[in-house]
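Structural characterization, general
Residue strings, one per chain:
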Amino acid sequence: MSANLISGNEISASVNHETAAEAASIAAEYGIQPALAVILVGEDPASQVYVNRKAKKCVELGIRSEKIVLPADTQESELLAVIARLNADPSIHGILVQSPVPKHIDEQKVVLAIDPTKDVDCFHPMNVGRMMLGDFSGFLPCTPWGVITMLQRSGISPAGKKAVVLGRSNIVGKPMAAMLSANNELGNATVATCHSRTKDLEFYTKNADIIVAAIGIPNFLKGDQVSEGAVIIDVGINRIADSAAKNGCRLVGDVDFESVAPKASYITPVPGGVGPMTIAMLMKNTIRACKAAIARGQTK
Ligand code: GUN
């Protein structure tokens, strides 16, 4: 079997097109421009790239972007004060603090400090809980929502399928498993979550119709671990050394594309797969935040 490529570049472009139209219609109808504040603490090069990409995408789609860069030695109390200021600012609809934050800052405190109505990452327990309870009308976790959207727009329904999620992180693995098994038209899969303590991983992966790999280990999943015709979604973004590359490294996923693609029915590439979807769904959450603020009677 030769796999169909699910292009995150193409699907995110169509999602972004819809988002830009929504931003324009909100501006025309209410005179309000949706706005996202992105906070970066420190100088981690990968985080700088991600934050700049988010800010650039905002501008492209007609969303106002406020980028706040704080030095690595920023005290936790100073970061919390910035969040409090943004919480109180009605012209800011979404707030995101790029993860990871420096070690001296308690990330959980930061998550709890963000007003849940502005939590466009969907990290706050209130929003996570709401999603877990099956209410998909509020914020949804960006990467899992991106994966679900890729499946949906490729005509792949998870209903009745055996799905395996590799990884149990709060950002991807846990919410991914919840969304795939949700009792609604986007879910209805039977889901196993596999992790570092899983025994006989291959038992799960070889029996899976859909595999979502999100464990952060380069080229982890091999062709002999998947069944013929499986749908493979690769959430991994790993930088590995490559002397043939211009900058000495290249990006690979958690899936060994070369050995898995010949067996898969559908597969996502890295780069150009899940990555651009995450940003597209963040933009959609920002629109949802703005619309909800308007519904509450906000006029900015
Ligand atoms: N770091 C890596 N992924 C994410 C994300 O989705 N949101 C935030 N805030 N930080 C991240």
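Residues numbered from 1 in each chain as written. Predicted model: local features only at pLDDT ≥ 70, side-chain atom pairs only at ≥ 80, totals over all residues. Heavy atoms only, no water.

1. Brief notes about the packing of aromatic side chains
A full pass over the atoms with the stated rule returns one aromatic pair. With a centroid separation of 5.1 Å and an interplanar angle of 85 degrees, the aromatic rings of Phe 203 and Tyr 204 are classed as edge-to-face. (Phe/Tyr/Trp six-rings, centres within 6.5 Å; stacked < 30°, edge-to-face > 60°.)

2. Some points on the nonpolar core
Counting 55 residues, the largest nonpolar core has Leu 36, Leu 180, Val 212, Ile 233 and Met 283 as the members making the most contacts within it. When residues in this core are grouped by element, the largest group, 11 residues, is from helix α10 (residues 274-295). Not counting residues within four places of it along the chain, the set of residues in contact with Met 283 comprises Thr 19, Leu 36, Lys 54, Lys 57, Cys 58, Leu 61 and Ile 63. If you look at the next biggest cluster of nonpolar residues, it comprises 17 residues, including Ala 35, Val 41, Ile 68 and Leu 79. (Core = buried A, V, L, I, M, F, W, Y, C linked by side-chain atoms within 4.5 Å. Buried < 20%, exposed > 50% of the residue type's maximum accessible area, 1.4 Å probe, protein only. Helix = DSSP H or I, 4+ residues; strand = E, 2+ residues; numbered from the N terminus. Contact = heavy atoms within 4.5 Å.)

3. Structural notes on the site of the ligand
The environment of the ligand is made up of Leu 96, Val 97, Gln 98, Ser 99, Asp 121 and Phe 123. Val 97 has a polar backbone atom sitting 2.9 Å from a nitrogen atom of the ligand. Separating a nitrogen atom of the ligand from a backbone N or O atom of Ser 99 is a distance of 2.9 Å. Notes on the ligand: free accessible area 280 Å², of which the protein chains cover 79%. Here the residues of the shell around the ligand are counted per class, giving three nonpolar, two polar and one charged. (Near = heavy atom within 4 Å. Polar contact = N/O pair within 3.5 Å; in protein donor to acceptor, adjacent residues only side chain to side chain. Areas by Shrake-Rupley, 256 points an atom, 1.4 Å probe, with all protein chains shown as cover. Nonpolar A, V, L, I, M, F, W, Y, C, P; charged D, E, K, R; others polar.)

4. Considering helix α1 (residues 8-30)
Taking 1.5 Å of rise per residue, the 23 residues of α1 would be expected to cover 33 Å, and the 32 Å separating its terminal C-alpha atoms lies within 8% of that figure. Taken together, the buried positions of α1 are occupied by Gly 8, Ile 11, Ser 12, Val 15, Asn 16, Thr 19, Ala 23 and Ile 26. Against the buried residues of α1 lie α2 (45-61), α6 (142-153) and α10. The backbone nitrogen of Asn 9 lies 3.3 Å from a side-chain oxygen of the residue at the head of α1, namely Ser 7. Directly after α1, the chain includes Gly 31, whose backbone phi takes a positive value near 65 degrees. (Expected span 1.5 Å × (residues − 1).)

5. Some details on the packing of α1 against α6
Direction vectors running N to C along α1 and α6 enclose 100 degrees, while the axes themselves pass 10 Å from each other. Looking at the two axes, α1 sits roughly perpendicular to α6. Contacts between α1 and α6 pair Gly 8, Ile 11, Ser 14, Val 15 and Glu 18 from the former with Thr 149, Met 150 and Arg 153 from the latter. The residue makeup of the contact of α1 with α6, split by class, is three nonpolar, three polar and two charged. (Axes fitted to C-alpha atoms, helices over the stretch in contact; angles between N-to-C directions. Parallel < 35°, antiparallel > 145°, perpendicular 65-115°, else oblique.)

6. As for unusual backbone geometry
Here the residue pair Ser 99 and Pro 100 is connected by a cis peptide bond, since its omega of 5 degrees sits within 30 degrees of zero. With respect to the secondary-structure elements, Pro 100 resides in the loop between β4 (94-97) and α4 (107-113). Residue Val 270 is joined to Pro 271 through a cis peptide bond whose omega torsion reads 0 degrees. With respect to the helices, strands and loops of the structure, Pro 271 is situated in the loop between β11 (266-267) and α10. With a phi angle near 60 degrees, Cys 122 is a residue other than glycine that sits in the positive phi range. By secondary structure assignment, the location of Cys 122 is in the loop between α4 and α5 (125-132).

7. Some remarks on the sheet that holds β11
Ordered in space as β1-β11-β8-β7-β5-β6, the six strands form an open sheet in which the pairing is parallel. The open sheet has two edge strands, β1 (4-5) and β6 (190-194), and neither has a second partner. Pairing of strand β5 (residues 162-166) with β6, which is carried by five bridges, proceeds in the parallel orientation. Within the sheet, the bridge partner assigned to Ala 163 lies in β6 and is Val 191. Lying on the sheet, helix α7 (residues 173-181) is in contact with β5, β6 and β7 (210-213); it crosses β5 at an angle near 170 degrees. (Pairing = 2+ DSSP bridges.)

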